[in-house]
Amino acid sequence: MAIYLLRHGESEGNVLKINQGRIDMPLTARGREQAATAGRWLAKLGIKPDVIYASPLRRAWETAEIVAAEFGHQFTMREEDDVVEYHVGDIGGLTVEEIDARYPGFEHRALDERGCWAEFGGESYEDVQTRLQRFIDTVIQDALGDGLSLSPDYGQASAAGLPGRDVICVSH
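Rules used in this analysis
- Residues numbered from 1 in each chain as written.
- Predicted model: local features only at pLDDT ≥ 70, side-chain atom pairs only at ≥ 80, totals over all residues.
- Heavy atoms only, no water.
- Phe/Tyr/Trp six-rings, centres within 6.5 Å; stacked < 30°, edge-to-face > 60°.
- Buried < 20%, exposed > 50% of the residue type's maximum accessible area, 1.4 Å probe, protein only.
- Axes fitted to C-alpha atoms, helices over the stretch in contact; angles between N-to-C directions.
- Helix = DSSP H or I, 4+ residues; strand = E, 2+ residues; numbered from the N terminus.
- Parallel < 35°, antiparallel > 145°, perpendicular 65-115°, else oblique.
- Left-handed = near helix turned anticlockwise from the far one by under 90°.
- Contact = heavy atoms within 4.5 Å.
- Nonpolar A, V, L, I, M, F, W, Y, C, P; charged D, E, K, R; others polar.
- Pairing = 2+ DSSP bridges.

Asker: Help me understand the packing of aromatic side chains, please; the structure alone is not making it clear to me.
Answerer: Going through the model one piece at a time under the given rule, you end up with seven aromatic pairs. Between Phe 71 and Phe 75, the aromatic rings sit 6.1 Å apart at their centres with planes inclined by 90 degrees, giving edge-to-face as the arrangement. For Phe 71, a relative accessible area of 9% puts it in the buried group. For Phe 75, a relative accessible area of 21% translates into the label partly exposed.

Quick look at the structure:
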């Protein structure tokens, strides 16, 4: 099994330089072209996805649809809540300047603190790790097929050694 992870193309929020979090912003023309380029590249590499999972946020789902258009075979597209953007709490919708004004020192936090949004009313690292592990477990269970299950002593989920299939995930 091969899992290909793609970030969404440039969104209007990226251009406005706001921390989007889960604000549902569409792609720009440049973002749509980035998505098409990624899709052509994957197709040229011979990737034949069995499934494309994507965040339900418009910028990721639109990217996934554009990427999907580059493949000439049947496959499944699945909206996957567990790969949605971080919930960033009170930081969502703010520009870098607005964040600096409201939360001095925010940009200078230690690297291991930069993805934790709990103190701002958002998700913690642990929250995100939990949902991403759940996503990996979903991918593995889908690959195993109906009626099969992971053994209780399987430990942390891994895609190694699972049936050969290509999976694309478009997220943030």
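Asker: Explain the packing of helix H2 (residues 29–44) against helix H3 (residues 58–68) to me, please; I cannot follow it from the model alone.
Answerer: When two helices pack together, you describe them by how their axes are tilted relative to each other and by the distance separating the axes. Across the interface, H2 lies against H3 with an axial gap of 8 Å and an inter-helix angle of 45 degrees. With respect to H3, the axis of H2 lies oblique. Helix-helix and strand crossings are classified by hand; for H2 and H3 the assignment is right-handed. Residues Arg 32, Ala 35, Ala 36, Ala 38, Gly 39 and Leu 42 of H2 form the contact with H3, whose participating residues are Glu 62, Thr 63, Ile 66 and Val 67. Here the residues of the contact of H2 with H3 are counted per class, giving six nonpolar, two polar and two charged.

Asker: Sorry if this is basic, but what is going on with the pairing of strand E4 (residues 166–171) here?
Answerer: Remark: a regular strand shows side chains that alternate across the two faces of the sheet. Counting buried positions over the six residues of E4 gives six, a clear majority of the element. Taking every second residue as pointing to the same face, both faces of E4 are buried, with Asp 166, Ile 168 and Val 170 on one and Val 167, Cys 169 and Ser 171 on the other. Across six bridges, the pairing between strand E1 (residues 2–7) and E4 is parallel. By the bridge assignment, Arg 7 is partnered in E4 with Ser 171. Sheet analysis places strand E2 (residues 49–54) next to E4, joined by five bridges and oriented parallel.

Asker: Teacher, can you tell me more about the sheet that holds E2 here?
Answerer: Strand-to-strand pairing in sheets goes through backbone hydrogen bonds, with the strands running parallel or antiparallel. Strand order in the open sheet formed by four strands is E1-E4-E2-E3, with parallel pairing between adjacent strands. The open sheet has two edge strands with one neighbour each: E1 and strand E3 (76–79). Taken over all neighbouring pairs, the strand axes of this sheet differ in orientation by 20 degrees on average, direction set aside. Along the sheet face, H3 touches E1, E2, E3 and E4 and points at about 175 degrees away from the line of E3.

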